[in-house]
Amino acid sequence: GLEAAGIADVATVAMRKGLEKTGLKSLAKHFGLNIRKDACTACSDWECVQLSERQCLYAAEDAYFSLWLLSTIEQLPDAAPADPATASAAPAPQSAAPIIVPQLQANWAQRGVSRRTDGLWCERCGKGPIFTLEVMERHLDSKQHQRKESAG
């Protein structure tokens, strides 16, 4: 048998730091990120023999953002014991760990893609931030983007 080691639960760490919402999307939003999780992929067959490309990308992004959030949240001070006088005060937004933004690929600028401090953005479609090359490539291949590209 295998014994798991070095495991950290992002939700548990978030609660210890006094963050009220502990889901991946909620925590990401707290730190200024907008993570889009594809419900079809999330509910797909994860027990199949061979994962699809979308499942692999979903799992990789889930792992990346979980690690990023854990690193960011661990830098926060532990929550102080509840004081009735300040219990209703919302916690101030904290500064987050730096985001790793991929470099622009050849011809992406001409196709409307820009690189900002918070991720890649498609200026034609208003999509972003996008954090991986694969997701941006999928967006550039989408019918929505291609229609806007054709329109000029």
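Sequence order as written defines residue numbering, which begins from 1 separately in each chain. This being a predicted model, a pLDDT of at least 70 is required before a residue's local features are given, and a value of 80 or more before pairs of side-chain atoms are given or counted; all residues contribute to the totals for chains, interfaces and linings. The basis for every side-chain value is the complete set of non-hydrogen atoms in the structure, without hydrogens or water.

Asker: So what about the overall build of the protein chain? Which residues, and what values?
Answerer: Working definition: helices are DSSP H or I runs of at least four residues, strands are E runs of at least two. Numbering for both runs from the N terminus. Helices and strands together make up the secondary structure of the protein chain, namely 6 helices and 3 strands. Ordered by position in the sequence, the α and β elements of the protein chain form the string α-α-α-α-β-β-β-α-α. Think of it in three bands: with a 1.4 Å probe and only protein chains considered, a residue is buried below 20% of the maximum accessible area for its type, exposed above 50%, and partly exposed in between. Taken over 152 residues, the protein chain has a buried fraction of 31%. Two residues form a contact once any of their heavy atoms are found within 4.5 Å. Looking at the protein chain alone, contacts between residues at least 24 apart form 48% of all its contacts between residues at least 6 apart. Carbon together with sulfur atoms contributes 54% to the accessible area of the protein chain, which is approximately 10,200 Å² in total. Note on areas: these come from Shrake-Rupley sampling with a 1.4 Å probe, and a residue is covered only by the protein chains present in the view.

Asker: Which residues make up the sheet that holds strand 3 (residues 127–130), and what values go with them?
Answerer: Strand pairing requires that DSSP identify at least two bridges connecting the strands. Overall, antiparallel pairing links the 3 strands, which are arranged 1-2-3 in an open sheet. Looking at strand neighbours, the two that pair on one side only are strand 1 (113–116) and strand 3, the edges of this open sheet. Looking at each pair of strands side by side, their axes are set apart by 20° on average, direction ignored. Every axis in this analysis is a line fitted to C-alpha atoms, fitted for helices over the stretch in contact. Angles between the N-to-C directions lie between 0 and 180 degrees.

Asker: A description of the packing of aromatic side chains should follow, citing residues and the corresponding values.
Answerer: Two aromatic rings, drawn from Phe, Tyr or Trp (for Trp, its six-membered ring), form a pair once their centres lie within 6.5 Å of each other, and the interplanar angle then sorts them: stacked below 30 degrees, edge-to-face above 60, tilted otherwise. Considering all chains together, one arrives at 3 aromatic pairs under this definition. Ring geometry for Phe-31 versus Trp-68: centroids 6.4 Å apart, planes at 80°, classification edge-to-face. Linking Phe-31 in the loop between helix 2 (24–30) and helix 3 (39–42) with Trp-68 in helix 4 (residues 53–74), this pair joins segments that are 37 residues apart in sequence. Overall, the relative accessible area of 10% leaves Phe-31 in the buried class. Seen in terms of ring centroids, Trp-46 and Tyr-58 are 5.8 Å apart; in terms of plane orientation they differ by 55°. Their pairing is tilted. Of the two residues, Trp-46 sits in the loop between helix 3 and helix 4 while Tyr-58 sits in helix 4, which places them 12 residues apart along the sequence. According to the relative accessible area criterion, Tyr-58 is buried, its value standing at 18%. To sit over a ring, a charge needs its Lys NZ or Arg CZ within 6 Å of the ring centre and within 35 degrees of the ring normal. Directly above the ring of Tyr-58 sits Lys-37, whose terminal nitrogen or CZ lies 4.0 Å from the centroid. Stacked on the ring of Trp-121, the Lys or Arg Arg-116 has its end atom at 4.2 Å from the ring centre.

Asker: How would you sum up the environment of Asp-62? Please name residues and give values.
Answerer: Summarising the element assignment, Asp-62 is placed in helix 4. Under the relative-accessibility criterion, Asp-62 is labelled partly exposed at 29%. On a C-alpha basis, the gap between Asp-62 and Lys-37 in space is 8.8 Å, while along the polypeptide they are 25 residues apart. Dropping the residues within four chain positions of it, Asp-62 is found in contact with Leu-24 and Lys-37.

Asker: I'd love a proper account of the side chain of Glu-61, names of residues and values included.
Answerer: If you trace the backbone, Glu-61 turns up in helix 4. Despite being buried, Glu-61 has no salt bridge partner; Arg-138 is the closest side chain of opposite charge, sitting 5.5 Å away. For Glu-61, the residues in contact, after removing those within four places along its chain, are Thr-132 and Val-135. Note that His is not counted, nor are the chain ends; the positive residues are Lys and Arg, and the negative ones are Asp and Glu. Whenever Lys or Arg places a side-chain nitrogen within 4 Å of a carboxyl oxygen from Asp or Glu, that contact is recorded as a salt bridge.

Nothing here speaks to function; it is all geometry.
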